[in-house]
Amino acid sequence: MADRSFDIARLPGFATIAVTIFVLLYLPIAMLVIFSFNAGDNVAIWEGFSLRWYPEAWANEAVKQATWRSLQIATCAAIIATTVATMAALGTTRRRQTRGQSFVYLMINQPLMVPEIVTAVALLIFFSSIKVATGYQGLGYLILAHAAFCIPFAYLPIRARLEGMDLSLETASADLYATRWQTFRHVTLPLVMPGAIAGLMLAFVTSLDDVVITLFVKSAGQDTLPTYMLAQIRRSVSAEVNAISTLLLLLTVVLLTAFFLLTRKRT
Amino acid sequence: MPEDTAVEVRDARKVYGQGAGAVTALDGVSLGIRKSEFFTLLGPSGCGKTTLLKLIAGFESPTTGQILLHGSDITFDPPNLRPVNTVFQSYALFPHLSVADNIGFGLKMQGRPKSEISETVTRMLALVRLDAMADRKPGQLSGGQQQRVALARALAPSPKVLLLDEPLSALDLQLRKEMQIELKRLQIETGITFVFVTHDQEEALTMSDRIGVMQSGHLLQVGDPRTIYTRPANRFVASFIGESNFLTGTVDGNVFTLDAGPRMEVGQTDGAPATGKVTAAIRPEQIRITSATLGDGIPATVTQTVYFGTDTHCRVALADGTEITVRLQSPASGDVGLHPGSEVTLKFEPGALILLPKAA
Amino acid sequence: MSADPQVTAAARRGWWLSAPALVLLAVGATGPLLIMLVYSFLEPGQYGNVEWALSFKAWFNVVMQRDIFDGTLTFADAHLSIFWRSAKLALLTTLFAFLTGFPTAWFIATRSPGLRTALLFLITIPFWTNLLIRTFAINQIIRNEGFLNTFLLWTGIIDTPIVMLYTDFAVFIGMTYVYLPLMVLPLFAAIDRFDMRLLQAGYDLYASRWQLLRHVIVPVVKPGIISGSILVFIPALGAYVTPRILGGGRNMMIGNFIELQFGQGRNWPLGAALSVVLLVVVSLALIVYTRFATGSEGKSHG
C-alpha cells in the first residue's frame with residue numbers, strides 16, 4: 001500500500017476475522033442454493049446442472065398445499081399485525097411519557113422477549129382447550145398466533161417513522177383549517193405509509209419463517225412450508241428441500257431489499 | 001373595545017403543570033393589536049411570547065383570561081376554526097406534498113372549489129416569487145425558499161391575523177436581512193395584521209409598527225420602536241433593547257445629582273418620582289467625550305478601549321467607581337487618542353438621560 | 001380546573017388506539033402464559049392434556065424423581081443434565097459469537113459509508129432468513145456424507161468421515177452460525193456511535209492497540225456488548241429447531257425436552273413447569289440486562 005499513514009481504527013487481525021466470518025456466513029447458504037441445481041440426489045457431490053428439483057417439488061401436492069397455507073397465514077397475519085401496530089404506534093409515540101405507555105411497550109415487545117418455545121407451549125395449551133370447546137379447527141388459530149408475534153416487527157419501523165416526523169406538521173395542518181380526521185387522512189397517514197409498508201414486509205417475512213409456534217399450534221394436516229420442510233429434513237435428504245429453501249430465500253431477499261430501499265429514502 | 005382592534009388579549013394567564021411543579025408562562029397579560037399593523041412580541045427565550053402566540057393560534061387555551069378576534073371571543077375555539085394562520089419556526093412544510101399543494105392545503109381543507117384554489121395558489125406563488133417552483137417538493141428547496149412557501153401557505157386562506165413564530169431564526173444573516181424587507185413588503189401589500197415573535201431586537205426595531213416587550217410572563221411595555229428605544233419603561237427594557245449605562249443618583253424636580261458628584265438637568269421624568277433616589281439610563285452613543293478636564297460635565301478616567309471597526313468602545317470609570325461605556329465613532333486613523341489612565345470629561349444633552357421608575 | 005385537559009384527552013386517545021394490539025397480544029401471547037402457569041399445577045392426563053386436580057408433582061419432578069421400583073427420592077439427573085447442557089451451549093454460543101462478532105462489527109463500522117451499508121445488508125439478510133433453512137444448510141455441510149467430509153476425504157486429509165452431526169459440537173456451531181447476526185447488529189450500533197477521536201487521544205497518551213481495545217473501546221461499547229449477548233443468549237437457551245436438526249434425539253436442549261412432554265412424554269404439567277422455569281431464567285437475564293444497560297448509560301452521561 002502506498003499510503004503509510006497511521007490508521008487509528010485498525011486493529012490487527014480484525015479484518016481477517018471479519019472477512020472469514022462473511023465467507024462462512026454465506027458459504028453454507030451458497031452450497032444449499034448450488035446443490036438445488038444438482039442433477040443427482042446427493043447434496044455433496046456435484047453431478048451436473050439440472051432444474052429437475054424445482055418442478056419435482058412443485059409436482060408434490062403436499063408442497064403446493066403447504067405453500068398456499070403459508071402465504072395465506074403470512075398475508076392475513078401481516079395485515080392484521082400492521083393495522084393494530086400502526087394504531088398502537090399512533091397512540092404511543094409523540095406524546096408525553098406516562099406509566100401506561102411503558103406498559104404498552106412492554107406488552108408489544110413481549111413476543112421478542114419470551115422464548116418461542118414457551119409461547120408455543122402456552123398457545124398449545126390455550127388453543128387445545130378452545131379447539132375442544134368450539135370444535136373449530138381452522139387456520140384461525142395460526143393466523144391469530146402469527147399476528148400476535150408479528151406485532152413488534154411491524155411496530156418498530158412504524159414507530160421509528162413517527163418519531164422522525166416533525167410534530168409541528170400536524171399543528172400546521174390544524175392551523176390550516178383541517179379537522180382531526182382531515183389531518184390524519186392528508187398529513188399523518190401519507191407520512192406514516194412507508195413505515196407501515198416496511199412493517200408489513202417485516203411481519204410477512206417473520207410469519208413466513210416461523211417454525212416453532214406453527215408446529216405447536218397447527219391442527220393435523222395444517223403443515224406450512226417450514227413445518228413441512230422440518231419433517232422432510234428428519235426423514236431423508238432430498239434436494240427437493242434445497243429447491244424450496246432457495247425459493248424462500250429468494251423471496252426473503254427480494255422483500256428485504258425492498259424494505260431497505262423504502263426505509264433509506266427517509267429524507 | 002376600539003373598532004380597529006384585531007386581537008384583544010384580556011388578562012391571559014397560562015400555567016403549565018400543577019402543584020409544586022407548576023410553571024407560570026404568562027402572568028396576566030392584556031394587550032390590543034390593531035388591524036393591519038405589524039406587531040412584534042419581543043423578549044428573551046422563556047419570556048412567554050411563544051405561549052401568547054399559541055393562545056392566539058389556538059394550539060393552547062389560557063388557564064384564565066380571554067382572547068378576542070375582531071371583537072368575538074375565540075378563547076376556546078380549536079385552531080382549525082380560527083381565521084388565524086401561523087408561520088412556524090421550523091416551517092412545518094408537508095414533505096409529501098408539492099409546493100403548490102402545500103400552499104393550497106388550507107383552502108382545500110376549507111372545501112373551497114378547485115378553481116378558486118388553483119387561482120389563489122398561482123397568486124400566492126407570484127406574491128412570494130416562487131412561480132417556477134410550484135411542482136417541487138419542499139425538500140428540494142433552499143432555506144429561504146422554504147420560508148417563502150411557509151409564508152405563502154399561511155397567507156393563502158387570507159387570515160384575519162398572521163402569526164409568525166421566529167420565522168427568520170433558521171436563516172443565515174444575509175438571507176435574514178432580505179426576508180425582513182420581504183416580510184414588511186408582504187405585510188403592506190396584503191394589509192393583513194402580522195404578529196411577529198422574535199428575540200432579536202434589531203429585527204423588531206426595523207420591521208415593526210409597534211413592539212411589545214415581554215419578560216418572565218409579563219408584558220413590560222408596548223410602543224412604537226422609537227418610543228421603546230428612547231423612552232424605555234424600565235431597566236430591563238433599557239438593557240434588552242440596545243445598550244444602556246445605568247447611573248444612580250437623586251432627583252429633585254428636573255435636577256439630577258449623580259452619586260458620583262456632578263448635577264445636571266434632565267428632560268423627561270414621566271413615571272419617575274419627582275424627588276428621591278432614582279436610576280437613570282443613558283445610551284453609550286449619546287455621550288460625548290473630551291480629553292479636557294475643565295468645564296462642566298462628568299469627570300472620568302479611561303480604563304479600557306476596544307476597537308470595533310466603525311466604532312470604538314471606551315470604558316470609563318466615574319469618581320465613585322461606576323463603570324460606563326461610551327461609544328465613539330472611530331476616526332480615519334482608527335485611533336481615538338484615548339488610553340487607559342487618560343483623564344476625560346463626559347457630556348450629553350439633557351434629553352439623553354432617561355429617569356427610570358423604581359423597580360417594583 | 002385542571003391545567004392539562006388536552007394532555008389527558010391525548011392520553012385517553014392513545015389508550016384506545018393501542019387497545020386492539022393489546023387485546024391481540026393478550027389473547028395470542030401473554031394470556032396463554034398465565035394459563036400455562038395454571039397447568040403446571042395440575043395432574044397430567046393419561047393421554048396428554050391434564051386432569052383438573054391441584055398437584056405439585058410437576059414442579060417436584062423438575063428437579064427430583066422417585067424411583068419407580070423402590071420409591072427412593074433422587075435428583076432427576078436426566079433433567080439436570082439437560083439444563084446444564086442448555087446453559088453450557090447457550091453460554092458457549094454467546095461467547096464465541098462475541099469473539100467472532102466483535103471484530104466483524106468493528107470491521108463494518110470502520111469501512112466507508114457505501115461499503116458499510118452493503119456489509120450491514122449482508123449481515124441483515126441471514127438475520128431475516130429462515131432459521132430452519134440456515135440450520136439445514138449447516139446440516140448439509142457437516143453431515144457424514146456432507147460437503148465438508150466429502151471434501152476432506154477427497155483431499156486425503158482423512159480417510160474416514162469425521163462424525164460431527166448429532167453432537168453438542170454441531171449444536172454449538174449451528175447456534176453460533178444462526179445467532180451471530182444478533183450479536184453483530186447491536187455491536188455495530190454501539191461501535192458506530194463510538195467517537196474515533198477517543199482513539200487519537202489514546203494513541204496520543206502512549207496506549208498500544210491492545211491497551212486501547214481493553215481500556216477504551218470495550219468499556220465504551222459495553223452497552224452494545226451486553227445487548228448482543230442477551231440477544232444471543234435468550235434464543236440460544238430456548239433453542240428448539242437447531243438442536244433438533246443438528247443435535248438429534250439424544251443431545252436434547254431444554255426446548256426439545258419441553259416439546260417431548262407434549263408429545264411422547266404425555267406430561268403437560270411437567271412441560272408447563274419446565275416452560276415456566278425457562279421463562280423465569282430468561283426474565284432474570286433481562287432484568288440483569290436492564291440494570292446493566294441503564295446503569296452504564298447513566299455513568300456515561302455523568
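Residues numbered from 1 in each chain as written. Chains lettered and ligands numbered in written order. Predicted model: local features only at pLDDT ≥ 70, side-chain atom pairs only at ≥ 80, totals over all residues.

*Asks:* Even after reading the chapter, I still don't get the overall build of chain B, so can you show me in this structure?
*Replies:* Scanning chain B from N- to C-terminus turns up 8 helices and 20 strands. When its C-alpha atoms are laid out on the principal axes, chain B stretches across 80 × 50 × 40 Å. Residue burial in chain B is summarised as follows: out of 360 residues, 37% are buried. Contacts in chain B between residues far apart in sequence, at least 24 positions, make up 66% of those at least 6 positions apart. (Helix = DSSP H or I, 4+ residues; strand = E, 2+ residues; numbered from the N terminus. Buried ≥ 20, exposed ≤ 12 C-beta atoms within 10 Å, placed from the backbone. Contact = placed C-beta atoms within 7 Å.)

*Asks:* Would you take a moment to explain the overall build of chain C for this structure?
*Replies:* When you go through chain C residue by residue, the secondary structure sums to 13 helices and 4 strands. For chain C, the C-alpha radius of gyration of 24 Å lies well beyond 19 Å, the compact-globule estimate for 302 residues. Considered along the principal axes of its C-alpha atoms, chain C spans approximately 90 × 75 × 35 Å. With 302 residues in all, chain C has 43% of them scored as buried. (Rg over C-alpha atoms; globule rule 2.2 N^0.38 Å.)

*Asks:* Explain the UniProt feature "transmembrane region" (unreviewed entry) in chain C to me, please; I cannot follow it from the model alone.
*Replies:* Residue and element names in this part refer to chain C. Following the UniProt record, the feature "transmembrane region" (unreviewed entry) maps to residues 15-42, 89-109, 115-134, 146-166, 172-191, 212-234 and 268-289 here. Split by type, residues 89-109 is 100% helix and 0% strand. Its first and last C-alpha atoms lie 29 Å apart. Helix makes up 43% of residues 146-166 and strand 0%, whereas the separation of the span's terminal C-alpha atoms amounts to 13 Å. (UniProt positions renumbered as here; feature names shortened; annotations may be inferred.)

*Asks:* In this structure, what is going on with the UniProt feature "domain: ABC transmembrane type-1" (unreviewed entry) in chain C? I would like to understand it.
*Replies:* Following the UniProt record, one finds the feature "domain: ABC transmembrane type-1" (unreviewed entry) at residues 83-289 of chain C. Within residues 83-289 of chain C, the helical portion is 79% and the strand portion 0%, while the C-alpha atoms at the span's ends are 21 Å from each other.

*Asks:* How should the UniProt feature "domain: ABC transporter" (unreviewed entry) in chain B be read in this particular structure?
*Replies:* Here, the residues flagged by UniProt with the feature "domain: ABC transporter" (unreviewed entry) are residues 7-241 of chain B. Secondary structure content for residues 7-241 of chain B is 36% helix and 26% strand, and the end C-alpha separation is 25 Å.

*Asks:* Hey, could you run me through the pairing of strand β2 (residues 23-34) of chain B in this one?
*Replies:* As a general feature of sheets, a regular strand has side chains that alternate between the two faces. All names here are of chain B. In the sheet, strand β1 (residues 5-16) pairs with β2 via 9 bridges, with the strands oriented antiparallel. Note that in β2 the partner of E8 across the bridge is G32. In textbook terms, the turn of a hairpin is the stretch between consecutive antiparallel strands, and for β1 and β2 this stretch comprises 6 residues, one of which, G17, has a positive phi near 75°. (Pairing = 2+ DSSP bridges.)

*Asks:* Would you mind going over unusual backbone geometry with me for this structure?
*Replies:* Excluding glycine, most residues fall at negative phi; most peptide bonds, likewise, are trans. Positive phi outside glycine occurs at A92 of chain B, with the angle close to 50°. You can see A92 of chain B is positioned in the loop between β6 (84-87) and α2 (99-109). The class for A92 of chain B is buried, based on 25 C-beta atoms found within 10 Å. For Y166 of chain C, which is not glycine, the phi dihedral falls at a positive 65°. Within the fold, Y166 of chain C resides in the loop between α6 (147-155) and α7 (168-193). Residue Y166 of chain C is classed as buried on the basis of its C-beta count, with 20 C-beta atoms lying within 10 Å.

*Asks:* Can you help me understand the domain arrangement of chain B in this one?
*Replies:* On domain assignment, one finds that chain B holds domain 1 (5-230) and domain 2 (243-356). Its C-alpha centre places domain 1 of chain B at a distance of 40 Å from the equivalent point of domain 2 of chain B. (Domains from an automatic or database assignment.)

*Asks:* Quick question: what am I supposed to make of the sheet that holds strand β4 (residues 64-69) of chain B here?
*Replies:* Hydrogen bonds between backbone atoms are what pair the strands of a sheet, whose relative direction is either parallel or antiparallel. Residues and elements named next belong to chain B. Read from one edge to the other, the open sheet built from 4 strands follows the order β2-β1-β4-β5, with strand pairing classed as antiparallel. Every other strand in the sheet has two partners, leaving β2 and β5 (72-73) as the edge strands with one partner each. Taken together, the 5 bridges between β1 and β4 define a ladder with antiparallel strand orientation. Note on β4: the bridge partner recorded for E8 is L68.

*Asks:* I keep staring at the pairing of strand β18 (residues 323-329) of chain B and nothing clicks. Help me out?
*Replies:* Residue and element names in this part refer to chain B. As judged from the 7 bridges shared by strand β17 (residues 311-318) and β18, these two strands associate in the antiparallel manner. If you follow H313 over to β18, its bridge partner there is R327. The antiparallel hairpin formed by β17 and β18 contains 4 residues in its connecting segment, where G321 sits at a positive phi of about 95°.

*Asks:* Where do I start with the environment of I192 of chain B in this structure?
*Replies:* Residues and elements named next belong to chain B. Structurally, I192 is set in the loop between α5 (173-190) and β8 (193-198). The class for I192 is buried, based on 20 C-beta atoms found within 10 Å. Separated by 157 residues in sequence, I192 and K35 place their C-alpha atoms 7.5 Å apart. If sequence neighbours within four positions are ignored, I192 has contacts with L155, P159, L162 and Q187.

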